[in-house]
Structures are given as structure tokens and as C-alpha cells.
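Below are the chains, spelled out letter by letter.
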Amino acid sequence: MTTRQIDLLVNEQTFTLDLPPRITLADALRDHCRLTGTHLGCEHGVCGACTVLLDGEPVRSCLLFAIQAAGHEVTTVEGVGRPDSLHPLQRAFVNNQAFQCGFCTPGFLMLALGILNEELDISTNDLRNALSANLCRCTGYTAIVDAVTGYQSSRKDAQ
Amino acid sequence: MTYSPTHDERLVTGGGCYVGDIQRPGQLHAVVVRSPIAHGHLRGIDTTRSLAMPGVRYVLTAADLGLRTPVVPMRLSARTDLFPFLQPVLATNRVRYVGEPVAVVVADDQYLAEDAAESVLLDIEELPAALGDIDVKPHTLLYDGTDSNVLCRLSGHHGDIKSAFTSADFVVTERFTTGRHSGVPMETRGLIAEWTGQQLQVWGPTKAIYPNRALMGRLLGLDEEQIRFSAVDVGGAFGVRGEFYPEDFLIPWLARTLAAPVKWIEDRREHLMATNHSRQQDHVASIAVSRDGRFLAFRDTFSCDMGAYVRNVGVRVPELTIPSLIGPYQWPAFEAICSCILTNKTPTGTMRSPGRLEATFVRERLIDLAARKLEMDPIELRRLNLLNEGDMPFSLDLGDDVGRLVYDSGNYGAVLDRALETAGYANMRKSSAEAREHGDAVGVGVALFTEKTGVPGREGAVVKVRADGTVRVISAAVNIGQGIEMTLAAIASDALQIPCDRIQVICGDTEDAPESLGTFGSRSTIFAGSAVLNGCGNLICQGTELASPFFGSGAVRYGDGMFTADGEDSMRWQELMNRLRVPELSAEGVFQHSEPATAFGVHTAETVVDRDTGHIEVRRLTVGYDVGRAIDRRRVECQLVGGATHALGGTLFEEFQYDPTGQPQSTSFMDYLLPTCNETPRIEAHVFEVATAPANPLGVKGAGEGGVPGVAAAIASAVDDALQLCDQAVTALPITPDRVRSLILD
């Protein structure tokens, strides 16, 4: 089995890995970088549980090969905040009970951060449309939308 | 001071540990080879090519399992008539559904295992697929030695049905169908098994960990004590994760045989064809009423599409559907007859509120049609026939197949009033009528339901206080995403008067946990919660007795987390243990009960229908639910909202479809549609604490499934109202745009 050595820059840390070309970015992150916060819900690019940021933009890591991410900056949920110092968006998720089983949560966090990084002033309607890219089976979405719009407000206020 | 993240902080920072996240040293990866054909004679399996592929360690087929291939037995039934239809862990000489396990490939990594799985050659002589027409003589039988694909019949009955129908002023009859769908959690199934030579350790089992462990032991020839199920985070269960499937035998078998850890993680395509389906039923139901609106009788002849095999739960879904048809009403006569039909489709099982979405849909729709015929207000018709507080406890013997229906407590009329008021029902009716006058198709619907909670059994818990003053609660209840451990912490905190942040709850691990039937049927707050409460009481008693010698003559009491006596200094747990020179004190608690606790609820829905496209927008969806008592109101609301969203999916979008050869058409989320945030309104959950449960010390009823039952009926009713249908009605789920268009055009 042929492998290629690549450097993956994830959460500002470089991982030098020897990988078969066909391994997906999701699998490389989970199995080789041991960053298991990025989850696999379908591997068809529909559910969004695998969403990470690639140069700040949300992407489905199940639909990318790891080697496609070489030379780019990958951000996963582990790079956002830590249990003893939560990112304000993570804090908003906790306060709004925006998760139950937690499986879709990292994907939603990265999607939300990516959307707001690109356009902080996005309207609530457009934000909902953008968030509809990801699936959740537990919460009914309202708490998730509330957490994201709450965080959006506080970021706009801080500007 | 070390920082110990709470459950919430772990999950929101990617710190969850789901079974797919675990890596065991030296682990191998398993991929299940599944039948690509819905029905056929399995003539042979050629594994030579796959065995020769890189990284492949083993290819398992039924031939390796001995002369008698193990079957997966039933957990919830002892019906011997169903034994011939149980599923073998691997297909032997017949395949009966697309997705049926035929072989397992084990390799060094997942990708290599998948490569090799594609190279396993199956020689299948195809047979026509039987897909469920019971009136037409099936051209092929699933099982030799049978004369039809009717697996069995079940019935429930009460009163004199014949004379009730003959004497009725009005009879309304209609056919209703509910589409095949399922729980479909965001995390697919997975298992890791590791054999140490003495002990089998397994990650991934959930739901009913003790019964599953016993079953695994039986099938593998191991003592239960040799098997340990370790807790993992779970990405939703909804009834379908945690039943015993063929893989629950195959993966541990492989781990033991290969003396290496074996990891199997199902992918989504597999999940949609291999994990239990549910809900597909076909009813012809009738209601007999008097001219002044009294219910005289309810009659229903229906079929359940069981799929190709009888699974772990037996015929539980039809068994639960029949009594669920009764609902919160008084029926002088009742009859329901169910035919369970075998088909060449994925086998079925229970899912969130099993049989109850279906039964509530049929009954509430029929009541709406009766209201139309009688020209009565649909709420008034219901109110007239509701069971009331004076009828409680309510008991109805429905015969041998389904037994006695029991409602422990309830004040349905009062809760109905409050639910409608909180939902703003009167305003909804008014504003939708105004909208219709302006030409918009806006409508409102209501549905009432009873919800069986707290599947009976016996449950234990252990409560320990440690030398540092912290408390450890051990329960075999499982965290499936509902946060049970936080509810248990709240109960313990309240009982012991020790702050929540000093309480650690360990759930779902067989290592120390006492007995439990499992986490399903909305039972864990009732059973695990009551067991924890009792355990705390026992611990306090024990502590008080042990503390007494250290006090003077005064009677020792427990209060504010301390032992006290009049006129003396109080003593904390830490000090008591110090004096006794013990590292911890512990007590067990048990709760046992033989009957469920029945909750009651009301769904309302407001829909806007696009007459041109048939698109339905659910603008409002509310659930008013009497939970008896809420330990954590917010958590109950979350469950109700989640349950209602789940049901929304089955009402409008989700369906497993098959082509005429039995090929599944819904094998990805592009075909099997889950609601996104665009389709889901801000669901309003109103929790009422009216009729507490008399039988458990907490007075609680369950809520995990309470958001589900009335959603389909309420939305269907709202669509009828929006379109102002007179002779037509929504009678089929899912309510697709096609079906709406047909109703409009007819």
C-alpha cells in the first residue's frame, strides 16, 4: 500500500503523517491525529457532523482527502476551547442546552464559527438557512439557533 | 487542584468518548458483508479472493460457527411460536433482506477490510420478494413449511363489539397507513470487543446492558461475570441502538477467536438497512358513536410489516399498539386484531414511543372524522368521552394477548384545558380562520394521547460517601444523550443535601453497577431515580446509626448534609468516616414495581399548505404534557421537544422505501430525509405537574417519549383544516407533497 508523507497543520500544530492517499481528512484527524471530536454521521456529506474549518471556512471533512488539506490550516473543535476555558460560543451552547447526546455538536460549532467568521452581520433568516446544512436528531434545533444568535449578538456588541 | 470537566463541558469541546473514538492496542477492524439481494437461496460464499488481500486476518461465515448457527433470541417474549423466525447471526442457506449479514471480514484497518469485503463473492439464486400484500396470495413464502407470510395474529377486546356497532347512530370507517421509518440516531452502531483470556470487555452495548450481557454470555458460552460492558458516550439511541443484533454476537466471537481486539463501526448506508425499522402499519378502523357524541365502540383490523425476521423484541410493537388505541377515552366496546406480516425487508423493532405514534394517529384521525360527521367541535367530542379523575386508577382487561391496560393516575380534563390555554389554541383557531378568509390554506389540529412510561421491573443503585465528602452514585441506567446522570445527581443532592458539584454519577458500566432492566420505555428517572432516592435514605439511616455513639444522649438527626443533636456540635460525613477509620460508607437502594405510570398529553399544530406544490409548513407545534412531577423541568422540556421533532420527521419526511425486487431505495440521508432546522418550528413544550405517580417515591412519570405520540395526528388534522376537506382526509404518513396534491385535486 503506497503512502505519502504529509504535514497537516491542525489547530496550529503540525502533524507529520505517513498516509495512504485515499484516507479522508476526517479519518486522518480522528485516527492519526487522535482528535476524535470530529464525528462521522454519514460519510456522504449530508449530515455535517464531520464539519471542520479549512482556512476558516466550514467543510465536510468526510468528503476531503487528507492530502487535500496539506498546505492549509485546519481547525477542529479541539482548537476552539477547552473544558476549563470554554469559547463563548461553547458557553452559549451549554447555557442554552443546545445539545443532548453531543454527537452533532462539534459539527454545528464549526459550522457556526465558519459562518460568522465570514459574515458576522448575517440575518437570522440567512443564518438559519446556513445552519440547515447540519442535522441534529435530539434537540429540535431551536436551542442551537438560539445559542448561535446569542453568541452573534454578544460578538457584535463587543465590536 | 485538578479540573474535572462536567458532562456538558466534555461534549461541547469534542471531549466525548463514543465507541468509534476508542482505539485498543493491536485492534483489528471488522466489516460485515451483507446480502445485496432481498430474497434468495444462498448457494455459496467464496472467500478466496478476500482472504488473499492485504491486511486481511479472517473471513467469518456461518460454516465457522458449527453445525447449528446461533440465532438471536427474544428478550421480551417467550412465545415459542415465533422461534422458527428468529434471525441467525449469519445467513446459512437463505437470505431474506438486503442488508442481512452473510460474512464478516477482519483486517488490519478499516479501509483494507472494506476492500476485502467487496471481494467476498456470494452465489445467490434470486427468489421473488414478498413485500407485504396480505390480501393477495403471496407468490413466495419467506419460510419453508409455512402456508403464508402471516407470522402470527394478536388481538385485544373488551365489551360487546357487535351490538355496539348495530345499535350505533353513526359509524365512521377509514383506512390509515403509517410509513416505515425508524429512530436513526446521528451516531451509527458500533462495538469494540477485547478478550484477555479471562474476561471479555465490550464497549458499545447500551440500553439494556444486563439482559444483553446475560444473552451474550449464553451465546458465547461464557459466565456473565466474565463479561464487562464499559460505558461510552452514546450518540442517541431512540430504541433502536442497544437491542441485541447479530453483530453483538459476531464481534465478541471474533475478538475471542482471534485473541485481538476487534472494532466494528457501522456506516450510515449499512445503518439504514441493518438497524431495526419500525412504524409500518396498515389499519382499517371504525368508530361507533351515538347521535349525541358518545363513543360506543372502537374496532380496528390492522397489519404490521415485521420485516424478514423476528428480532430481540419479538412482536412487542403490535402488542403495544393494541392497548395504545384506547388512549384517554372511555370505550364501552373495543376490538383490535393485528396480523404480523413477514416481508423481505429489514427486520423491525421498537422505537421511541413504539406503536403509539401509529395508534394515536389512527384513533385521533377517526375521532376527527366522527366530529365532522356529527358536526361537533372536535375538542368537545373528545371532552365528552374523556376518562376523568374519578375513573382512576383505570383498568381494562383486553384479553390474553395484550393483557390488562392500567392507568395509575390522571386528570385528563384539567390538563386538556391547561394545555389548550397555554398553547393559545382559541387564538390559533381564530387567526387561521381569518387567514383562510384571505385565501391562505392555514389550519389547526389537535391530538390527545396517553403515554405508557416506566416499563416495570426491579432496579438497584449504590450510593457512597467518600472520605473527602464527595458522593458517588452508581447506576446501571445508561446515558443515551438524555442526561440521566444529571437527573440522578439532582435527586441525590436533594436527598443528601449535598451540592450537585460534589456528586459524581457513574452510569452504564457493569463493573460495579447493580441490577437494572435497562434504559428504555421512559423508565430511568422513575426506576433509577427511585432506587437512588432509596439508596440515599438507606445511607442516611446507616450514617445516623453509626454517628449516634459519638453524640451524647440527644437523638441524632440528619440535616443540611450533617448529623446533629440538640445542644451539640454537628458532625459532617468526613468527620464520621475519620472517626470510624473508614475510607467510605455505602448503601444500596432498590426500587421495584410491576406496573407502568401513565402520562397524558395534548399536541396542537398549525400548518400552512401551499396548494400548488403540496408543501406543508408546520408553523407551530406544541406539546402539553402532564409528567406528574418534574425533577428538572428544563430537561423534561428538552425531551418533549426532541421527541416532537423526531415525530415530525416521521410525519412529513422519513420513509424507508423499497422497489418491487426488495431493493432499499432509502440508503442515505439524501433519500431518507431528516428534518433540518428549516423544517422544524420552535416547538413549545409545556410541562404540567398535575397527576403524580402514586407508585414511586418521586411521584414522577417518564418523559423521554412523551413528545412523540400526537404529532402526526395533530399535523394531519391541521392539514385537513387548512384545506377545508369535507369528504377527504389525510390518512397516510408521511404526508408528502404528492399526497397533499392528490387530496386537493380529488
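Here the structure is a predicted model, which is why all the values come from computation and not from measurement. (Residues numbered from 1 in each chain as written. Chains lettered and ligands numbered in written order. Predicted model: local features only at pLDDT ≥ 70, side-chain atom pairs only at ≥ 80, totals over all residues. Heavy atoms only, no water.)

Examining the overall build of chain B
Here comes step 1: Broken down by element type, chain B carries 18 helices and 28 strands.
Here comes step 2: Its C-alpha atoms give chain B a radius of gyration of 27 Å, within 12% of the compact-globule value 27 Å for 746 residues.
Here comes step 3: Each of the three principal axes of chain B carries a C-alpha extent, and together these read 80 × 75 × 45 Å.
Here comes step 4: Counting across all 746 residues of chain B, residues that qualify as buried make up 63%. (Helix = DSSP H or I, 4+ residues; strand = E, 2+ residues; numbered from the N terminus. Rg over C-alpha atoms; globule rule 2.2 N^0.38 Å. Buried < 20%, exposed > 50% of the residue type's maximum accessible area, 1.4 Å probe, protein only.)

Section: the overall build of chain A
Here comes step 1: Regarding its fold elements, chain A presents five helices and five strands.
Here comes step 2: Ordered by position from N to C terminus, the α and β elements of chain A give β-β-α-β-β-β-α-α-α-α.
Here comes step 3: Taken over the C-alpha trace, chain A has a radius of gyration of 16 Å; the compact-globule value for 159 residues is 15 Å, and the two agree within 12%.
Here comes step 4: Overall, chain A is about 50 × 30 × 30 Å in size when its C-alpha atoms are taken along their principal axes.
Here comes step 5: Burial status across chain A gives 57% buried among its 159 residues.
Here comes step 6: Considering only intrachain contacts with a sequence separation of at least 6, the fraction spanning at least 24 residues in chain A is 55%.
Here comes step 7: As displayed, chain A has an accessible area near 6300 Å², and 44% of this comes from carbon and sulfur atoms.
Here comes step 8: Charge-centre separation for chain A: the mean point of 11 positive side chains lies 7 Å from the mean point of 17 negative side chains. (Contact = heavy atoms within 4.5 Å. Areas by Shrake-Rupley, 256 points an atom, 1.4 Å probe, with all protein chains shown as cover. Lys, Arg positive; Asp, Glu negative; His and termini not counted. Charge placed at Lys NZ, Arg CZ, Asp CG, Glu CD.)

Remarks on the confidence of the model for chain B
Close inspection of predicted coordinates is inappropriate for parts of the model with low pLDDT.
Here comes step 1: Across chain B, the average pLDDT comes to 94, with 98% of residues at 70 or higher.
Here comes step 2: On the interface metric, ipTM, the complex scores 0.98, and its pTM is 0.95. (pLDDT = per-residue confidence, 0-100.)

A short note on unusual backbone geometry
Residues and elements named next belong to chain B.
Here comes step 1: Residue Pro393 is bonded to the preceding Met392 through a cis peptide linkage, with omega at -5°.
Here comes step 2: Examined against the element boundaries, Pro393 turns out to sit in the loop between helix H10 (378-385) and strand S16 (394-397).
Here comes step 3: Of note, the amide linkage connecting Leu733 to Pro734 takes the cis form, showing an omega dihedral of -5°.
Here comes step 4: Residue placement: Pro734 occurs in the loop between helix H17 (711-723) and helix H18 (737-745).
Here comes step 5: One non-glycine residue, Lys207, lies in the positive phi region at around 70°.
Here comes step 6: Topologically, Lys207 is positioned in the loop between strand S10 (200-203) and helix H5 (209-220).
Here comes step 7: Owing to a relative accessible area of 3%, Lys207 belongs among the buried residues under this scheme.
Here comes step 8: We note that Asp560 has phi near 55°; this positive angle belongs to a residue other than glycine.
Here comes step 9: On the secondary structure map, Asp560 appears in the loop between strand S22 (557-559) and strand S23 (562-564).
Here comes step 10: By relative accessible area, which is 61% here, Asp560 ends up exposed.

Quick look at the pairing of strand S1 (residues 28-34) of chain B
Residues and elements named next belong to chain B.
Here comes step 1: Of all seven residues making up S1, seven are buried, and the element is well covered by its neighbours.
Here comes step 2: On S1, burial covers both faces: Leu28, Ala30, Val32 and Arg34 on one face and His29, Val31 and Val33 on the other are all buried.
Here comes step 3: With two bridges connecting them, S1 and strand S12 (residues 262-265) associate as parallel partners. For His29, the partnering residue across the bridge sits in S12 and is Lys263.
Here comes step 4: Relative to strand S5 (residues 101-107), S1 is paired through six bridges, and the arrangement is antiparallel. Counterpart to Val31 in the pairing with S5 is Val105. (Pairing = 2+ DSSP bridges.)

As for the sheet that holds S23(B)
Residues and elements named next belong to chain B.
Here comes step 1: Strand order in this open sheet of three strands is S22-S23-S24, and the pairing throughout is antiparallel. With partners counted over all chains shown, the strands left at the sheet margins are S22 and strand S24 (571-572), one partner each.
Here comes step 2: Relative to S23, S22 runs antiparallel, the two being bridged by three bridges. Counted as the bridge partner of Arg557 is Thr564 from S23.
Here comes step 3: Across the sheet, helix H14 (residues 524-547) touches S22 and S23, and the angle it forms with S23 is around 45°. (Axes fitted to C-alpha atoms, helices over the stretch in contact; angles between N-to-C directions.)

A word on the interface of chain A and chain B
Here comes step 1: Taken together, the contact pairs 50 residues of chain A with 56 residues of chain B.
Here comes step 2: Summing both sides of the interface, chain A and chain B together bury roughly 4300 Å²; the carbon and sulfur share of this comes to 56%.
Here comes step 3: It is A:Gln97, A:Gln100 and A:Arg137 that lose the most area in chain A upon contact with chain B, and together they represent 19% of the buried surface on that side.
Here comes step 4: Between the two partners, chain A and chain B, sit four salt bridges.
Here comes step 5: Linking chain A to chain B there are 26 residue pairs in polar contact (both at pLDDT 80 or more).
Here comes step 6: Its residues assigned to classes, the side of chain A that touches chain B comprises 20 nonpolar, 18 polar and twelve charged. (Buried area = accessible area lost by both parts, 1.4 Å probe. Salt bridge = Lys/Arg side-chain N within 4 Å of Asp/Glu carboxyl O. Polar contact = N/O pair within 3.5 Å; in protein donor to acceptor, adjacent residues only side chain to side chain. Nonpolar A, V, L, I, M, F, W, Y, C, P; charged D, E, K, R; others polar.)

Details of the nonpolar core
Here comes step 1: By size, the foremost hydrophobic cluster in this structure holds 111 residues, and its most contacted members are B:Leu151, B:Ile287, B:Ile715 and B:Ile735.
Here comes step 2: Setting aside residues no more than four positions away along its own chain, B:Ile715 makes contact with B:Ala605, B:Thr607, B:Val618, B:Leu648, B:Thr651, B:Leu652 and B:Ile735.
Here comes step 3: If you look at the next biggest cluster of nonpolar residues, it comprises 52 residues, including A:Val46, A:Val80, B:Tyr18 and B:Met186. (Core = buried A, V, L, I, M, F, W, Y, C linked by side-chain atoms within 4.5 Å.)

Here's the deal with the sheet that holds strand S2 (residues 13-19) of chain A
All names here are of chain A.
Here comes step 1: In spatial order, the strands read S2-S1-S5-S3-S4; together these five strands make up an open sheet with mixed pairing. The outermost strands of the open sheet, each flanked by one partner alone, are S2 and strand S4 (57-60). Neighbour-to-neighbour, the strand axes of the sheet open up by a mean angle of 40°, direction not taken into account.
Here comes step 2: With two bridges connecting them, strand S3 (residues 51-54) and strand S5 (residues 73-75) associate as antiparallel partners. Counted as the bridge partner of Leu53 is Thr75 from S5.
Here comes step 3: Of the strands in this sheet, S3, S4 and S5 touch helix H3 (residues 105-118), which is tilted by about 35° from S3.

Remarks on the packing of helix H8 (residues 316-324) of chain B against helix H9 (residues 356-374) of chain B
Residues and elements named next belong to chain B.
Here comes step 1: At a closest axis distance of 8 Å, the pairing of H8 and H9 adopts a crossing angle of 35°. For H8 against H9, the interelement crossing comes out right-handed. On the side of H8, the interface is formed by Val317, Thr321 and Ser324, while H9 contributes Arg356, Glu358, Ala359 and Arg363.
Here comes step 2: Here the residues of the contact of H8 with H9 sort into two nonpolar, two polar and three charged. (Left-handed = near helix turned anticlockwise from the far one by under 90°.)

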